[in-house]
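Chain by chain, the residues:
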Amino acid sequence: MNQNYDQDKKQPGHHSLTLEDRRKLDLSGVDDVLGFDESSVLLRTSAGMLTVEGEQLHIRHMSVDCGELSIEGKINGLIYVDKTTRKNGLFGKHSG
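Residues numbered from 1 in each chain as written. Predicted model: local features only at pLDDT ≥ 70, side-chain atom pairs only at ≥ 80, totals over all residues. Heavy atoms only, no water.

### Looking at the overall build of the chain
Per the secondary structure count, the chain includes two helices and six strands. When the helices and strands of the chain are read in sequence order from the N terminus, they spell out α-β-β-β-β-β-β-α. Buried positions account for 26% of the 96 residues belonging to the chain. Within the chain, residue pairs in contact and separated by at least 24 positions form 38% of the contacts whose partners lie at least 6 positions apart. Of the roughly 7,000 Å² of accessible surface on the chain, 48% is carried by carbon and sulfur atoms. (Helix = DSSP H or I, 4+ residues; strand = E, 2+ residues; numbered from the N terminus. Buried < 20%, exposed > 50% of the residue type's maximum accessible area, 1.4 Å probe, protein only. Contact = heavy atoms within 4.5 Å. Areas by Shrake-Rupley, 256 points an atom, 1.4 Å probe, with all protein chains shown as cover.)

As structure tokens, then:
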């Protein structure tokens, strides 16, 4: 494997994900798992809040020290929400 890639992966704040056949999702840069059930997993990552949507989702591997997480099941969607989106989103502050 590329040595530079391995070094980048270990840097604080680095976030990546690999989706295989919509059945296995490997993530890095995971700060916290805020909630999960068989249809969704809510994560805080270094790139913002991430919701993984799907069916029969299961957390297969989690390493808090490394910030790594593996999810298996049928992955239907990935939704990121960052601080800017949350502040100015649909229910954000309105003027006028």
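After that view of the structure, there is still more to cover.
### Describing the environment of S16
Within the secondary structure, S16 sits in strand β1 (residues 16-20). Judged by its relative accessible area of 19%, S16 falls in the buried class. With 31 residues separating them in the primary sequence, S16 and A47 have C-alpha atoms 9.0 Å apart. Here S28 takes part through its side chain, which lies 2.9 Å from a polar atom of the side chain of S16. (Polar contact = N/O pair within 3.5 Å; in protein donor to acceptor, adjacent residues only side chain to side chain.)

### Some points on unusual backbone geometry
For residues that are not glycine, phi is negative in most cases, and the peptide bond is trans in most cases. Positive phi, normally seen in glycine, also occurs at D21, with a value near 55°. Within the secondary structure layout, D21 lies in the loop between β1 and β2 (24-28). Residue D21 is classed as exposed on the basis of its relative accessible area, which comes to 74%. Positive phi, normally seen in glycine, also occurs at R22, with a value near 55°. On the secondary structure map, R22 appears in the loop between β1 and β2.

### Quick notes on the sheet that holds β2
Within the open sheet, the six strands sit side by side as β1-β2-β6-β5-β4-β3. Their pairing is antiparallel. Taken across any chain shown, the strands that pair with only one partner, and hence form the sheet edges, are β1 and β3 (30-36). In this sheet, neighbouring strand axes are inclined to one another by 35° on average, regardless of whether the strands run parallel or antiparallel. Two elements, β1 and β2, share five bridges in a ladder whose sense is antiparallel. From the neighbouring strand, L17 faces β2, where its bridge partner is L27. (Pairing = 2+ DSSP bridges. Axes fitted to C-alpha atoms, helices over the stretch in contact; angles between N-to-C directions.)

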